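Residues per chain, in single letters:
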Amino acid sequence: DTYELPNDNDLANGPLIGQRLNSKLINGGLLDSKISSLHYFEGIMYVLHDNVLLVRAWDVVNGELLSQWALPPTNKQWEGLALDRRDDN
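Residues numbered from 1 in each chain as written. Predicted model: local features only at pLDDT ≥ 70, side-chain atom pairs only at ≥ 80, totals over all residues. Heavy atoms only, no water.

**Student:** Explain the overall build of the protein here, please?
**Tutor:** Each helix and strand in the protein was counted, giving one helix and six strands. Going residue by residue from the N terminus, the α and β elements of the protein occur as β-β-α-β-β-β-β. As displayed, the protein has an accessible area near 6,400 Å², and 46% of this comes from carbon and sulfur atoms. (Helix = DSSP H or I, 4+ residues; strand = E, 2+ residues; numbered from the N terminus. Areas by Shrake-Rupley, 256 points an atom, 1.4 Å probe, with all protein chains shown as cover.)

Rendered as structure tokens:
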């Protein structure tokens, strides 16, 4: 499946551009590929795979996996992401 992505310049107006997201690439290598949350923040797409306790960061322009973080186990379901820019000096 492919999904349209928002254009950073047009986010205020809400239209989508013709770029596509390949779910086989995003979910690659996972036994359970369920996506609980997906956020496009400051040019990077963050994907929460809640069933495997993993967050991945993608450069969707180049189709490159930038980083991934394992989440700690919990008794509750991971439901979403909250992203916030911090200027730590």
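Now that the structure has been shown, we can carry on.
**Student:** It is not clear to me how the pattern of salt bridges should be interpreted in this structure. Could you clarify?
**Tutor:** When the charged atoms of two side chains lie near each other, side chains of opposite charge can form a pair. On inspection of all chains with the given rule, the structure shows three salt bridges. Note that Asp50 is salt-bridged to Lys34, the shortest N-O span being 2.7 Å. Taken together, the residues span a long stretch of sequence, with Asp50 in the loop between β4 (44–49) and β5 (54–59) and Lys34 in the loop between α1 (23–26) and β3 (37–41) at a distance of 16 residues. Here Glu42 ties to Arg85 by a salt bridge, and the two come within 2.4 Å at their closest N and O atoms. Within this pair, whereas Glu42 is found in the loop between β3 and β4, its partner Arg85 is found in the segment after β6 (64–70), the two being separated by 43 residues in sequence. (Salt bridge = Lys/Arg side-chain N within 4 Å of Asp/Glu carboxyl O.)

**Student:** Please explain unusual backbone geometry as it appears in this structure.
**Tutor:** In this structure, Glu42 takes a positive phi of about 50 degrees despite not being glycine. The phi dihedral of Leu53 falls on the positive side, at around 55 degrees, and the residue is not glycine. Take Leu53: it is sitting in the loop between β4 and β5. The class for Leu53 is partly exposed, based on a relative accessible area of 24%. (Buried < 20%, exposed > 50% of the residue type's maximum accessible area, 1.4 Å probe, protein only.)

**Student:** Help me understand the sheet that holds β6 in this model?
**Tutor:** The pairing of strands in a sheet comes from backbone hydrogen bonds and takes either a parallel or an antiparallel form. Read across the open sheet, the four strands follow the order β3-β4-β5-β6; overall the sheet is antiparallel. Pairing within the sheet leaves two strands with one partner each, and these edge strands are β3 and β6. If you compare each strand with its neighbour and ignore which way they point, the axes differ by 20 degrees on average. Inspection of the sheet shows β5 paired to β6 by six bridges, in the antiparallel sense. If you follow Trp58 over to β6, its bridge partner there is Leu65. (Pairing = 2+ DSSP bridges. Axes fitted to C-alpha atoms, helices over the stretch in contact; angles between N-to-C directions.)

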